[in-house]
Structures are given as structure tokens and as C-alpha cells.
Amino acid sequence: MIISILGIRGILLNRRNIPIMSMPIESMLLAVNSNFLVFSVSLDDMMGQSFASLVPTVAAAESAIGLAIFVITFRVRGTIAVEFINSIQGAGPFSLGERIRF
């Protein structure tokens, strides 16, 4: 519970850089993983341990996708500061403010 609260606090307080904002998300995944293990042992059930083995897989996929987004954002914008991310606007057919015309 404490690790989850620290993770939420870290997201709310560190809004300057995207990689620094992603680290508290990883700590919240650690908290979920430890809860799975503790309740699996206390309830004498193997499902918590099997879910706990899947959490690192999800964390690795999240890190890979996040790193790809960071690299693309840095190449396009030249910075990964959060203040400049708010100015991203879409130019596709499904972006806000444009209507789909056939």
C-alpha cells in the first residue's frame, strides 16, 4: 500500500520529464506484484504467483513502447519536457476539429 501511495505521489509531483514520470508507474507495478505474492501465500493459492510472473512481462512491454515514444518525441520536438508535449496536435482524419469527408 505504501509503495502504491509513493507511486501516485511521484506521478503527481514529477511533471517535468516523461522518463521521470514513468518510474513511479514501475513502482506501482512492483506494489501490485508484491500484493499478488503476499495474498497468494496467505490464501494458499497459486493464481497470485502465476499473475506475479506475468507482471514483469507487462512492465517490459510498457517500457519498450514508452521508450519508442520517447525517442520519436525527441526526434520530432527536440525535447521530452512535458510542457511541450501538450502542443502536439494530430493531422490525421480522426484528429479533433476535422471532419471525415468521403
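The shown structure was predicted, so the numbers you read here are calculated from the model rather than taken from an experiment.

About the thresholds
- Every chain begins its residue count from 1, and numbering advances along the sequence as written.
- Reporting in this predicted model follows two pLDDT cut-offs: at least 70 for local features of residues, and 80 or more for side-chain atom pairs to be given and counted; totals over whole chains, interfaces and linings ignore these cut-offs and use all residues.
- Water and hydrogen atoms were dropped before computing side-chain values, which therefore reflect all heavy atoms in the structure.
- The patch calculation keeps residues exceeding 30% relative accessible area without a salt bridge and links them within 9 Å when they carry like charges or within 5 Å when they are nonpolar (Val, Leu, Ile, Met, Phe, Trp, Tyr).
- The accessible surface values rely on the Shrake-Rupley method and a 1.4 Å probe; as for residues, cover is taken only from the protein chains in view.
- Here a salt bridge means any side-chain nitrogen of Lys or Arg lying within 4 Å of a carboxyl oxygen belonging to Asp or Glu.
- In this description a helix means any DSSP run of H or I spanning at least four residues, a strand means any run of E spanning at least two, and both kinds are numbered starting from the N terminus.
- Throughout this description, buried means an accessible area under 20% of the type-specific maximum (1.4 Å probe, protein chains only), exposed means over 50%, and partly exposed covers the range between.
- UniProt positions are given in the numbering used here, feature names are shortened, and annotations may be inferred rather than shown by experiment.
- Multiply 1.5 Å by the residue count of a helix minus one, and that product is the helix's expected span.

A. Layout of a nonpolar patch on the surface. Where nonpolar side chains cluster on the molecular surface, the patch consists of V32, F36, M47, F51 and L54 and spans about 420 Å² of accessible area. Of all elements in the fold, only α2 (18-43) and α3 (47-77) reach the threshold of two or more residues within the nonpolar patch. For L54, the position within the fold is in helix α3. Given a relative accessible area of 46%, L54 falls into the partly exposed group.

B. Quick look at the UniProt feature "transmembrane region" (unreviewed entry) in the protein. When the UniProt feature table is mapped to this numbering, "transmembrane region" (unreviewed entry) covers residues 20-39 and 51-74. Annotation note: span residues 20-39, helix share 100%, strand share 0%, distance between end C-alpha atoms 30 Å. Annotated as 100% helix and 0% strand, the span residues 51-74 places its first and last C-alpha atoms 34 Å apart.

C. Structural detail: α2. With 26 residues, α2 should cover 38 Å at 1.5 Å per step; its first-to-last C-alpha distance of 38 Å lies within 8% of that length. Within α2, burial applies to I18, P24, A31, N33 and S40. Of the residues trailing α2, D44 is marked for its positive phi of about 55°.

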